[in-house]
Structure formats: C-alpha cells, structure tokens
Amino acid sequence: MSDSRKPGEVSTKSLTMRLFALAVGMFAFGFALVPLYDAFCEVTGFGGRTNTEAAADVQTVTDKSREIALEFVTTVNQYAPWEFRAELDGMTVHPGGMYEAWFVATNLTDRHKIAQAVPSVAPQQAAAHFKKLDCFCFSNQEFMPGEEKRMPVRFVVDSDLPEYVDTITLSYTFFDTARLTDSSTEMAHPGHETR
Amino acid sequence: MSSTAAGVHAESHHHGDDHGPVKGWRRWVYATNHKDIGTMYLVFSLVMFFFGGSMALVIRSELFQPGLQFVDPAFFNQMTTMHALIMVFGAVMPAFVGLANWMIPMMIGAPDMALPRMNNWSFWILPVAFGILSSTLIMPGGAPASGWTMYPPLVLQTGDAFPFLIFSVHLMGISSIMGAINVIVTILNMRAPDMTLLKMPMFVWTWLITAYLLIAVMPVLAGAVTMLLTDQFFGTSFFLAAGGGDPVMFQHIFWFFGHPEVYIMILPAFGVVSEIIPTFSRKPLFGHDSMVYAASSIAFLSFIVWAHHMFTTGMPLTGQMFFMFATMLIAVPTGVKVFNWLATMWRGAMTFETPMLFSLGFLFMFTIGGFSGLMLAIAPADIQYHDSYFVVAHFHYVLVPGSIFALMAAVYYWMPKWTGRYYNESLGKLHFWLSTIFVNLTFFPMHFVGLAGMPRRIPDYSTQFADFNAMASVGAIGFGLSQLIFAWIVFQCCVQRKGEKASQEVWESPKGLEWTVPSPAPHHTFDTPPRVTGGVSFPHDG
C-alpha cells in the first residue's frame, strides 16, 4: 500500500506532520492578525483611530484662512453608571492652532470607580490629522463616590488635513473599567451589574 | 496486481483481512474502517439535521404571525443561534465528511483512509462537541443567543453557556482539522498507481481543495473564540474598547474564517453534482480540468473577500471597492462551473432519477442564491440589504437547495452501492418535488420582505410583512415534514433492506472506480490497488 510510493512523494507520517504544523501555524496567524490590524488602523486611521499617547512633531503655524467646525459627541457605555458631557457642543478651529476643550464626568454611584474614555474621530480621513497633545483619555481616571471631574483635551488639527474636510467630529465613549480591573463576579455578568 | 473487482476478494491475504467487521458496539466505538466511520458521520448529521430543523420550525412558528405567540424573545434568539451552529457544524459539514470517508478511498482505489485511528477520533469528538453545545439549552441564562457569528460585546453577555460554547467550537474545529488532514494524506499518498492528480474524479478534487481550506481557516476561528474566552475570563482586551481593543477586529478575524467556510460547505456539493450529472446525461463531464482550476480559483478568492460581510462597519472607500470587485470576481469561476454542467447535459441522453432531479434542483436554485449574492456584493446597495431577510433568503438558497440538495442527491446516488439495494424511486421523486416546492415557498418570499426592510434575527415584525411570513412558515413546516419521507426511504433501504437488488454498476455505465466493486461494497475494498488505465475509464476520458 504505502510502500508503492511514487518518486518525490512524501511519507504519510511526514505529510501528516506538515499538515498539523500548517494548522498550528494558522492558529498563530489568527493571533498575528491582532498586531497587524492595530498597525493597519494606526497607519490609515481606519475606524476613526486616533492617537492615545501625546503626539510629538506638531506644527504650530496657524492657517487663519481655513475654518474647521469641530463637534463633540459623548457616549456612556451601556452599563457604566456615569454622567458624561462636553462643556461646549462644538467650536470653530483653524488648522495649526492649539486649542483646549473641557469635558465633565460624574460618578453616579457611591463607590470608588475607575473609568477610561476611548476617543474616535470622524471622518476617518481626518483621524491622522487630529493630534492630541494632552488628553484625559491617555490614562485611567479615578473617581471618588459621587465625584464630578472637569477634564481637558489639548489638540492641534494639522494643516495637511484633506481639503474636502470642513467638519470633524470628536467622540468619546466612557467605559467603566471594573471588568478589566477586578476579579469580582461582576465580570461574568456585565448585564447584572448592581447599582 | 489484479485489475478488476473480482480480484479484490481473491487476493486479500494480509493477516486475515477477509473477516467481516467485529460484532456489537465495538464495531462502532473502535471503528477504523472508512465505511463504518462514513456511516456514523452520515447518521450523526441526519440526526443533527432534524434537531437543527426542529429549531427552524420553532422560529417559523413564532414568525407565522406578527406579535409574540409561542416563545419569548430571548429563547427565540437562542433558537436562531443554535439552529445555525447545528446546521453548519453538525449537519452540513459532517455529512460531507461522511461522504468523503465512504467515497474517496473507493474513488481513488485505496483500501482505507490513510490515518484510520485519527479518523475514529475525528468522528467521536463530534458527539461530545454537540453534547456540550446542546446542554447549554438547559443552563442558567440559556443557550448562546448572539447569533452564530458570536460578535462581541454581545456574545460576552451569554450566561453560563459561554465557556461551553467556546469549547464546543474548539472541539468541532479539532474534529474538522483532523478529518481534513486525513483526506489530504489519503488523496496525496494512497491513489492507485496510475491515477495522476488530473485523473481524479471531481468529488475527490473538490474535497482536496476543501480540506486545505479547512486546515487554513478552522484554526483562525479557534484563535478568535480563544480571544473571546480570555477577554471574558482572563482580563485581556482583544475586543474590549475600554482596554484598547476593538470589537470590529473580531468581525475581521471571524469572517477571515467565515467566508472560506461557506466554500467549505459548497465545494464538495459541486463535486457531488459533477459526478451525478454526467452519469444521468450519459456523457463525460464537460471541461474536467477547467472545473479543477475553477474550484481552485474559488478557494483562493475566498480568502480575499471577507469584508463584504462588513460593508456597514465604516470602511474606507478603497476598501469597499476592493472587496466589492473581488467578490464579484468569484462569479467568474462559479459561472465556469455552472456552464460546464449545462454543457455536460447538452444533447445528452438524459434520464431523471432522484439523484439527477436533486442535482438539477441544485443547479437551478443554487444559481438563484448566487445571483442574490452578487446583489449583496454591491457595496452601496448592501447598506440597504444588510442584516435584512434578503440576506437570510440568499444564504438559505445556497445552503438548503444548494448544499443540502447536493447531499440528498449524493445519498440517493451512492446508497445502492452502500446497501446493495435500490431505494424506493417513487418515494424519492415525491421527496424531491415536495422539497422543491416547499423550499421555494419558504425562502423566496424572504427576498421580498427583506427588500422591504424586515430585519433578520427578530421574533416580531411590522404587520405589512405578515402575508409573506405566513407563506414562509407554511413552506417551512411542509419542507420539514417532507424530510420525514427521506428518513423513511433511508430506513427502508438501509435497515429494512427492502428494495430491488442493485447490480455492481448500479446506474447505466457510470464512470469511476466505485462502480467496479460489488454492491453492497464489501467491508474491505481495493486491498490491492486497481489499474486505472485500460479497464476503468474516467469521466473526462470520453
């Protein structure tokens, strides 16, 4: 049977091992997609991905001839007991100028809480040009029971912003990081969070 | 070396190979014989077909009228999710693996599969996997209800069933990968001496390609669900935005598996139909080699079209264009196959036995599903169709009168070889016609309600969709009952052993090595490899 091997044919054992190795390799490839996807998003601004660490190399030549409407959107993740809003609905900015906007969040529980804001920029073609120098989204925010906090974001819209973009939406989603930080039973059933 | 079937028995002298199978439960639990394992796969998938089908009937009963009738929405969602998981991983895939086990060794002149003990494992893992999955129905929080696509963050809200869902998917993956490795090693190493790759029958070819797809993508699915598991229990944030992850990334990884998966379910069906249409047209398969290249092209393209499932996630325009055109490109090799089947029938001396009827039904209705697929591929239009009943209509047309009809055709075509008896032809034809009428009554109206805006995966709907939904529900119940005829035919033929005795050839001069062994096929076939030149001709030899 297997003795009647044709020239150049691989033995059954070695072929089986190679195919198993292929399967293991594809399992690893599934995980390799994670950093690949991250790199892809960072480069292209895909999905409105914007910087989550302070931007370097920011130009400071202000282009007064161009006005960009900036809009703020705030969202609280479904199960997070927060109130979260922007102080202003929006503002008008010039490319190259440095600006500051303030956001306010309140912990509605009587417990100590840690929150994380996740930013996103639309349209995604603008994401790479919206550069945050400082942001409350760069790190976790701690809240005492019932505490209200005013938090800043400082940013520059660089003048390489594509010509056709005249409005940028900056959106923040506020997450309770309990799921990520404690190991209490809350984790397994986010739907049954006690308030 | 014997060249005929008659020599098969005479020369079996290896340490008592001519004994029959062992008696009792040991034959099945310790099975290493490809025919026994094939039978177990086929029986298992038939049971799962009825199990998953009964869930479909729960869904259609609830949707018979607007408003909530029978089940609460949470259970409804469990039904849609479990129906899909069971039909995809429990019915369609194992059925094709069962056919592969039974037929591939007999079609390439091999005595058995290359790795018989691993074969035993790949089958017996399946009942365990589906035992685990089914047990979630009675767990606190119920069965998984997030859809078979398991998108986070929704899937992370599954109750106690969550880790069981993940582990059952792991087990199904392991089973499929081992089965696929076995198929590849068998095909590459155990062909009869003169059977070159391009002389292989189409069913063997399509399975070779399918097996490579399985090895390439099942591990990726395993990786994706492992990430879900660690996100839920071990504090990782692959898909949790709060920790820097991205839920859309799950969709990319899932569909990188998911799109090749749909070809895993249809390529062996193409193979089956490519065997049956030539037999009942009494002509060789038109364009055998172009069929091989078409199937390979489809397999390659399946890796670069995944994001057409995600047009509404907000992709850059260039991304949408790429995935739209790459998807439409698949219509070219698929068209090659459809036209080759038509050309095979052209001026053939056709007869319409049950396997041929199911193959023709496949050809016609799979093409309808292909066309609605092209409509869905149009990125700007997809935004309207996305997650509507139009999508449900599309994938059921390619899966039910597509894959399932091809499976039915295969069972009718090869059952006389397996059992040595013909099935009841009149009942077979009745089964075909009832199935065809009801499958269209079920799924065709879904195109209309989908285009009119009815979303999928909901237990209630606007009253304007009531009439078409009532039609679909009647069709579904009719289709479900028609399958009982199939179960009865199989029972009569395989268990009761009723029916006319089949000859060695079974049909009128069919091509292929499986028709050179007696009917029913003996427990051991081709202990010595057959000669394929001269005596036996192949579909494309003319």
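Residues numbered from 1 in each chain as written. Chains lettered and ligands numbered in written order. Predicted model: local features only at pLDDT ≥ 70, side-chain atom pairs only at ≥ 80, totals over all residues. Heavy atoms only, no water.

Asker: Before we go on, may I ask you to explain the sheet that holds strand E7 (residues 141-143) of chain A in this structure?
Answerer: Note on sheets: strands pair through backbone hydrogen bonds, and any given pair is parallel or antiparallel. All names here are of chain A. Pairing within the open sheet is mixed, and its five strands lie in the order E3-E1-E9-E5-E7. The sheet terminates laterally at strand E3 (90-93) and E7, the two strands that pair on one side only. On average, each strand axis in the sheet is tilted by 30° relative to the strand beside it, whichever way the strands run. One ladder, built from eight bridges, connects strand E1 (residues 68-76) with strand E9 (residues 167-176); its direction is parallel. (Pairing = 2+ DSSP bridges. Helix = DSSP H or I, 4+ residues; strand = E, 2+ residues; numbered from the N terminus. Axes fitted to C-alpha atoms, helices over the stretch in contact; angles between N-to-C directions.)

Asker: Sorry if this is basic, but what is going on with the packing of helix H3 (residues 34-62) of chain B against helix H5 (residues 116-135) of chain B here?
Answerer: Describing two packed helices takes the angle between their axes plus the distance from one axis to the other. Residues and elements named next belong to chain B. Between H3 and H5, the least distance of the axes is 10 Å, while the angle of their chain directions is 15°. Looking at the two axes, H3 sits roughly parallel to H5. Handedness of the crossing formed by H3 with H5: left-handed. In this structure, H3 uses His34, Ile37, Met40, Tyr41, Phe44, Met48 and Phe51 to contact H5, whose residues at the interface are Pro116, Asn119, Asn120, Ser122, Phe123, Trp124, Leu126, Pro127, Phe130 and Ser134. (Parallel < 35°, antiparallel > 145°, perpendicular 65-115°, else oblique. Left-handed = near helix turned anticlockwise from the far one by under 90°. Contact = heavy atoms within 4.5 Å.)

Asker: Please clarify how the pairing of E1(A) should be interpreted in this entry.
Answerer: Successive residues of a regular strand alternate their side chains across the two faces of the sheet. Examined bridge by bridge, E1(A) and E3(A) share four bridges and lie antiparallel to one another. Within the sheet, the bridge partner assigned to A:Ala69 lies in E3(A) and is A:Thr92.

Asker: I keep staring at the interface of chain B and chain A and nothing clicks. Help me out?
Answerer: In many reports, interface size means the accessible area that the parts give up when they come together. The interface is formed by 45 residues belonging to chain B together with 34 residues belonging to chain A. A buried area of about 3400 Å², summed over both sides, lies between chain B and chain A, and 71% of it is on carbon and sulfur atoms. Put simply, chain B and chain A have zero salt bridges between them. Where chain B meets chain A, there are three residue pairs in polar contact (both at pLDDT 80 or more). (Buried area = accessible area lost by both parts, 1.4 Å probe. Salt bridge = Lys/Arg side-chain N within 4 Å of Asp/Glu carboxyl O. Polar contact = N/O pair within 3.5 Å; in protein donor to acceptor, adjacent residues only side chain to side chain.)

Asker: Sorry, what's going on with the nonpolar core here?
Answerer: One recurring pattern in soluble globular proteins is that nonpolar side chains are buried together. All names here are of chain B. Ranked by internal contacts, the top residues of the largest apolar core, which has 185 residues, are Phe89 and Trp414. In terms of residues, this core owes the most to one element, helix H4 (residues 73-108), which gives 23 residues. Aside from chain neighbours lying at most four places away, what touches Phe89 is Pro94, Phe130, Trp148, Met172, Met218, Leu221, Phe257 and Glu261. (Core = buried A, V, L, I, M, F, W, Y, C linked by side-chain atoms within 4.5 Å. Buried < 20%, exposed > 50% of the residue type's maximum accessible area, 1.4 Å probe, protein only.)

Asker: Whenever I open this one, the environment of A:Met17 confuses me. Can you help?
Answerer: The residue A:Met17 is located in helix H1 (residues 12-44) in this model. By relative accessible area, which is 49% here, A:Met17 ends up partly exposed.

Treat this as a map of the structure, not an account of what it does.
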